[in-house]
Amino acid sequence: MKFFIDTANISEIKEIEAWGILDGVTTNPSLIAKEKDVVFEDVVKEIASIVDGPISAEVTVEGAEDMIAEGKMLAAIHENIVVKVPMNEEGLKAIRALEGEGISTNCTLIFSENQALLALAAGASFISPFVGRLDDIGHEGMALVRNIVSIIDFYGYEAEVIAASIRNPLHVKEAAQAGAHIATVPYKVFHQMLKHPLTDKGIEQFNKDFEGTKRANG
């Protein structure tokens, strides 16, 4: 499973990219809005200079024609840009048109298998089921991930599933077990994944035991 980071914060992206585990980035209008006094296109361009992998940048307009126009503008920023398009009628039209011109798309806000089927039929390169938001209303978000992965495998689609709306390390583990191709993980959750009390205790004990040991360089 590949790891994307779900943020528009440049310092967070740089830090996690330095770990050597980052495959891409997802952003959305809400994440961009959290970064004060920034220009959307400039943020996307800087992210593309840091991470060598797919970078999802979401359209902010309604109507297929406007989505297509904005999608082309975003795609022109860098070859790794993936145009993020919402799941609705106009979004499907935009996905078909953009993919037809060789521009990769990520169909976002997927909450059902039927929505995923439509996005796949339109030709989306990535499908983003929102796990946490489904859990919030009493549905099993990870079941949707499993089902979409099964559909893709059964029919031989080339699209990849991005487990999105990840809230905690358990979601990441379950996404891997469900066969998600990608998990897009918030900065905080990456740090939570690192931690285990037995690891901390083991490091402390090893360092304590090694104190006073002679080294070759004196």
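Everything discussed here concerns the structure shown above.
Right, let's walk through the structure included here. None of the values given here were measured: they were computed from a predicted structure.

A closer look at the pattern of salt bridges
Pairs may arise between side chains of opposite charge once their charged atoms sit close together.
For step 1, the next point in the chain: This structure, assessed with the given rule, holds five salt bridges.
For step 2, the next point in the chain: Note that Glu101 and Lys72 form a salt bridge whose closest N and O atoms lie 3.1 Å from each other. One end of the pair, Glu101, is in the loop between helix H5 (89-100) and strand E5 (105-110); the other, Lys72, is in helix H4 (residues 64-75), and 29 residues separate them in sequence.

Some thoughts on the sheet that holds strand E2 (residues 24-26)
For step 1, the next point in the chain: Spatially, the eight strands close up into a barrel ordered E1-E2-E3-E4-E5-E6-E7-E8, and their pairing is parallel. Strand-to-strand twist in this sheet, taken as the mean axis angle between neighbours without regard to direction, amounts to 30 degrees.
For step 2, the next point in the chain: Where strand E1 (residues 2-6) and strand E8 (residues 182-185) come together, four bridges link them in parallel fashion. Across the sheet, the residue bridging to Ile5 is Val185, located in E8.

Considerations on the pairing of E5
Two faces belong to every sheet, and in a regular strand the side chains alternate between them.
For step 1, the next point in the chain: For E5, a buried count of five out of six residues is recorded, marking the element as mostly surrounded by other parts of the structure.
For step 2, the next point in the chain: Direction of pairing for strand E4 (residues 81-86) relative to E5: parallel, over a ladder of four bridges. For Val85, the partnering residue across the bridge sits in E5 and is Cys107.
For step 3, the next point in the chain: Pairing of E5 with strand E6 (residues 126-129), which is carried by three bridges, proceeds in the parallel orientation. Across the sheet, Cys107 pairs through a bridge with Ile127, a residue of E6.
For step 4, the next point in the chain: The parallel pair E5 and E6 is bridged by helix H6 (residues 113-122), and the resulting crossover is right-handed.

Conventions and cut-offs
Residues numbered from 1 in each chain as written. Predicted model: local features only at pLDDT ≥ 70, side-chain atom pairs only at ≥ 80, totals over all residues. Heavy atoms only, no water. Salt bridge = Lys/Arg side-chain N within 4 Å of Asp/Glu carboxyl O. Helix = DSSP H or I, 4+ residues; strand = E, 2+ residues; numbered from the N terminus. Pairing = 2+ DSSP bridges. Axes fitted to C-alpha atoms, helices over the stretch in contact; angles between N-to-C directions. Buried < 20%, exposed > 50% of the residue type's maximum accessible area, 1.4 Å probe, protein only. Right-handed = clockwise from strand over helix to strand, strands pointing away.

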